[in-house]
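Okay, here's what each chain looks like letter by letter:
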Amino acid sequence: MNTRLDGKVALVTGGSRGIGRACALALAAEGATLAVQYRSDVDGATEVVHAARLLGLEAIAFQADLADPKAADQLVGAVLTRFGRVDVLVNNAGEMTDAAVKDMPDAMWDQTMEVNLNSAFRCTRACLPGMLERRWGRIINMTSQAAWTGSKDHAHYAASKAGLLGLTYSLAKEVGPTGITVNMVAPGRIATEMVTSRMGGREAEWMAQTPLKRLGEPEEIGSVVAFLASEAASYITGATLHVNGGMLMA
Ligand code: NAP
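As the structure is a prediction and not an experimental result, all values here were calculated from the model. (Residues numbered from 1 in each chain as written. Predicted model: local features only at pLDDT ≥ 70, side-chain atom pairs only at ≥ 80, totals over all residues. Heavy atoms only, no water.)

What to know about the side chain of Asn 183
Note the cut-off: Helix numbering and strand numbering both begin at the N terminus, where a helix is a DSSP run of H or I of at least 4 residues and a strand a DSSP run of E of at least 2. Pairs of N or O atoms are called polar contacts if they sit within 3.5 Å, as long as, within protein, a hydrogen donor faces a hydrogen acceptor (for residues adjacent in sequence, only side-chain-to-side-chain pairs). Contacts between residues were defined by any pair of non-hydrogen atoms, one from each residue, lying within 4.5 Å.
As for its position among the elements, Asn 183 is in strand E6 (residues 181–187). At 2.9 Å, the side chain of Asn 183 forms a polar contact with the backbone oxygen of Ile 236. In this structure the side chain of Asn 183 is engaged in a polar contact, spanning 3.2 Å, whose partner is the backbone nitrogen of Gly 238. With residues up to four places along the chain from it excluded, the contact list for Asn 183 reads Ile 139, Ile 140, Asn 141, Thr 168, Leu 228, Ile 236, Thr 237, Gly 238 and Ala 239.

Spelled out as structure tokens, the structure:
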């Protein structure tokens, strides 16, 4: 099975920690040159870059706050200036805040859409011209099982992740004839700050919902992303790979 990514340039948004960090390291392990976007965790991003360089790879961290509508184009522009291409784009950066719909201010809804959905659209749009020219590209969007199940106090989050379905499936149809693939990974509950910070007393409830009886590890998402990025996944497009310990069988 050919999973190598030698000579490919991968951009991972939200690559400083959690799932994005694991995706970046999994892509680097297959030989990809790495562009790691972070917002605030410069130490985390730097550590990922150093790990990739220890493998003899080129890697650079790029700061961007993707809540700013201009940031995605600036980010991709900076990566293209440095590396000349993006072959693999992992739209992973995301945030989750908590509020019932009746209490949710516009600003909270808008911020979530901007970071989780709009920035994925803009990064994708900015990477597409080069992918189309080379007739090769991998776009991998990090959705969530919440897009299928909903999530109390997270309507904004679930809606942003459901929005990625429309983007992914539509773009897969648009660019399929060029050989670019567009897919999603839908994690269940993975042991990152986003989830562990909300666990408080709910572990038994969560485990009862999970046939594999544990949280997932970020590396269990990273390996799936690296697979989707590789030639081994060349006939997969417009697909969602659910990685959730059996919580949602879709
Ligand atoms: P996390 O540990 O909270 O990490 C979030 C990442 O996104 C960080 O690298 C963070 O950068 C970046 N980020 C947050 N807001 C940003 C902004 N405004 N602009 C740019 N970057 C921003 O979360 P995670 O659990 O790894 O989640 C990663 C992705 O998987 C998200 O899209 C999330 O929705 C999705 N997901 C996670 C789970 C789960 O169980 N953990 C389940 C389903 C889906 P800094 O650290 O530099 O600020």
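Still more ground to cover, so stick around.
As for the environment of Val 101
On the secondary structure map, Val 101 appears in the loop between strand E4 (88–91) and helix H4 (106–134). In this structure, the C-alpha to C-alpha distance between Val 101 and Lys 152, residues 51 residues apart in sequence, is 9.0 Å.

Some remarks on empty space enclosed by the protein
Which entries qualify depends on this criterion: Cavity means a closed set of points on a 1 Å grid over the protein atoms alone, one where a 1.4 Å probe fits but cannot get out, pocket means an open set with protein on both sides within 12 Å along at least 5 of 7 lines, and lining means a residue has an atom within 4 Å of a point. Grid points are joined across faces, edges and corners, and a volume is the space filled by probe spheres set on the points. Note on residue classes: Ala, Val, Leu, Ile, Met, Phe, Trp, Tyr, Cys and Pro are nonpolar, Asp, Glu, Lys and Arg are charged, and everything else, Gly too, is polar.
The full count for this structure, using the stated rule, is 1 cavity of 30 Å³ or more. A volume near 50 Å³ is recorded for the largest cavity. Lining the largest cavity are 13 residues; nearest its centre among them are Asn 91, Asn 92, Ala 93, Asn 116 and Ala 120. When contributions to the lining of the largest cavity are tallied by element, the ones reaching two or more residues are H4 and helix H6 (155–175). Sorting elements by how many residues they give to the lining of the largest cavity places H4 first, with 5 residues. When the residues that make up the lining of the largest cavity are grouped by side-chain class, the tally is 7 nonpolar, 5 polar and 1 charged.

A short note on the layout of surface pockets
Here the largest pocket is characterised by a volume of approximately 1200 Å³. If you go around the largest pocket, you meet 48 residues; those closest to its centre are Met 96, Tyr 157, Thr 192, Met 194 and Val 195. At the level of elements, helix H1 (18–29), strand E2 (33–38), helix H5 (146–149), H6, helix H7 (193–196) and helix H8 (203–208) are the ones that each hand at least two residues to the lining of the largest pocket. Here the lining of the largest pocket is built from residues that sort into 17 nonpolar, 19 polar and 12 charged. Size it by volume and the second largest pocket reaches roughly 150 Å³. Together, 15 residues line the second largest pocket, and Arg 214, Leu 215, Gly 216, Asn 244 and Gly 245 are the ones closest to its centre. Across the lining of the second largest pocket, the residue classes break down as 7 nonpolar, 5 polar and 3 charged.

Digging into the nonpolar core
Stated formally: Grouping buried Ala, Val, Leu, Ile, Met, Phe, Trp, Tyr and Cys residues that are joined through side-chain atoms within 4.5 Å yields what is termed a nonpolar core. Burial here depends on accessible area, computed with a 1.4 Å probe over protein chains only, as a share of the maximum for the residue type. Under 20% is buried, over 50% is exposed, and the range in between is partly exposed.
Core analysis: the biggest nonpolar cluster contains 34 residues, and Leu 27, Leu 34, Val 185, Ile 221 and Val 225 have the highest contact counts within it. Of all the elements in the fold, those that place two or more residues in this core are strand E1 (9–12), H1, E2, helix H2 (42–54), E4, strand E5 (138–142) and helix H9 (218–229). Ranked by size, the runner-up nonpolar core spans 26 residues in total, among them Ala 72, Val 76, Val 79 and Phe 83.

Regarding the pattern of salt bridges
When the charged atoms of two side chains lie near each other, side chains of opposite charge can form a pair. Put simply, the test is: Whenever a carboxyl oxygen of Asp or Glu lies within 4 Å of a side-chain nitrogen of Lys or Arg, that contact is scored as a salt bridge.
With the rule as written, the count across this model stands at 16 salt bridges. Notably, a salt bridge pairs Asp 6 with Arg 4, separated by 2.8 Å at the nearest N-O pair. Given the relative accessible area of 48%, Asp 6 is considered partly exposed. Linking Arg 214 and Glu 220 is a salt bridge whose minimum nitrogen-to-oxygen distance equals 2.7 Å. Sharing partners across several salt bridges, the network here consists of Arg 4, Asp 6 and Glu 30.

Some points on the pairing of E4
Formally: For two strands to be treated as a pair, DSSP must find no fewer than two bridges joining them.
Across the two faces of E4 the burial is the same, with Val 88 and Val 90 and Leu 89 and Asn 91 all buried. As paired strands, E1 and E4 are joined by 3 bridges and run parallel to one another. Within E4, the position partnered with Leu 11 by the bridge is Leu 89. Sheet topology note: the E4/E5 ladder contains 4 bridges and is parallel. Looking at the pairing, Leu 89 lines up with Ile 139 of E5.

Things to note about the site of the ligand
Quick note on the threshold: Proximity criterion: a residue is near a molecule or strand once any of its heavy atoms comes within 4 Å of it. Accessibility throughout is a Shrake-Rupley quantity obtained with a 1.4 Å probe, and a residue counts as covered only by protein chains that appear here. Those molecules having more than half of their atoms within 2 Å of a cavity or pocket grid point set are described as sitting in that cavity or pocket.
Surveying the vicinity of the ligand reveals 30 residues, the closest of which are Arg 17, Ser 40, Asn 92, Tyr 157 and Thr 192. The side chain of Lys 161 places a nitrogen or oxygen atom 2.8 Å from an oxygen atom of the ligand. A total of 900 Å² of accessible area belongs to the ligand in isolation, and the protein chains cover 97% of it. Taking a 2 Å distance to the grid points as the criterion, the majority of the atoms of the ligand fall inside the largest pocket. A per-class count over the shell around the ligand returns 13 nonpolar, 11 polar and 6 charged.

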